[in-house]
Amino acid sequence: MSDILNKATVLVLNRNWQAINVRTPAEAFCQMATNVATGLEIAGEDHIRPVTWEEWITLPIRPQDQAVRTVRGSIRVPTVIVAVNYARVPKRRPKFCTRSIRERDGNRCQYTGRLLRPEEGSIDHVLPRSRGGTNSWENCVWASKEINARKGNRLPQEAGLKLLAAPRVPKEQPATALIRNVHGIGDWELFVRG
């Protein structure tokens, strides 16, 4: 049960029904129980309705639903909730990770411009860590594994390489652009991309 409650699988929409966050079922239950959010009962694209906490705890558990058991019986875990009084779409910067570096650099080696498959590239530290370089947006680029190995712990110019563009911190984007349906939850498809 704790795995179900603590895995971020509940999509949060603002009051305009725009995806703004992802929460755990435990957090979603708290928001629903305190009337900060309502659950969405979704039975296909044509049947979506907001449901208060009082009604939610009485909903039947369908075969596709996850549920938690309580002393009063099982409660359906929501897949999508709506924040009742929140209309903004917060802006966020992508998380600093390999995937984000690759996406920022367009899946291209930043020394040759060659389009790479994910397994063909790796993160290169422009100023190597062994020479004081940091794990930062401004010091990391996507490079082919061969070029990265050839460069080693040298600066690009020392290895006869030139960056196509200086690495930069990505701009903040609306949270809706950064939320992905990584869990493959069918109900999310109405609100976010896969």
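Residues numbered from 1 in each chain as written. Predicted model: local features only at pLDDT ≥ 70, side-chain atom pairs only at ≥ 80, totals over all residues. Heavy atoms only, no water.

Moving on, we get to the pattern of salt bridges. As enumerated under the stated definition, the model contains 11 salt bridges in all. A salt bridge links Arg 49 to Glu 55, with the shortest nitrogen-to-oxygen separation between them at 2.5 Å. By relative accessible area, which is 28% here, Arg 49 ends up partly exposed. The structure contains a network of salt bridges with shared partners spanning Glu 41, Arg 49 and Glu 55. (Salt bridge = Lys/Arg side-chain N within 4 Å of Asp/Glu carboxyl O. Buried < 20%, exposed > 50% of the residue type's maximum accessible area, 1.4 Å probe, protein only.)

A word on empty space enclosed by the protein. With the rule as written, the count across this model stands at 1 cavity of 30 Å³ or more. Estimated volume of the largest cavity: approximately 40 Å³. Leu 40, Ile 42, Trp 56, Arg 62, Asp 65, Arg 76, Val 77, Pro 78, Thr 79 and Asp 187 together form the lining of the largest cavity. Looking at the lining of the largest cavity residue by residue, the classes come out as 5 nonpolar, 1 polar and 4 charged. (1 Å grid on protein atoms, 1.4 Å probe; cavity = no way out; pocket = protein on both sides within 12 Å on 5 of 7 lines; lining within 4 Å. Points joined across faces, edges and corners; volume = space filled by probe spheres on them. Nonpolar A, V, L, I, M, F, W, Y, C, P; charged D, E, K, R; others polar.)

A few words on the side chain of Ser 144. Mapped onto the secondary structure, Ser 144 falls in strand β10 (residues 140–144). When its relative accessible area of 2% is taken as the criterion, Ser 144 is described as buried. Within the local environment of Ser 144, its side chain forms a polar contact with the backbone nitrogen of Ile 147, the two atoms lying 3.2 Å apart. Once you skip the residues sitting within four places of it in the chain, Ser 144 turns out to touch Cys 109, Arg 114, Leu 116, Glu 120 and Gly 121. (Helix = DSSP H or I, 4+ residues; strand = E, 2+ residues; numbered from the N terminus. Polar contact = N/O pair within 3.5 Å; in protein donor to acceptor, adjacent residues only side chain to side chain. Contact = heavy atoms within 4.5 Å.)

Of note, Arg 154 is situated in the loop between α5 (145–151) and β11 (173–174). In sequence terms Arg 154 and Lys 95 are 59 residues apart; their C-alpha atoms lie 27 Å from each other. Within the structure, Arg 154 has its side chain in polar contact with the backbone oxygen of Arg 150 (distance 2.6 Å).

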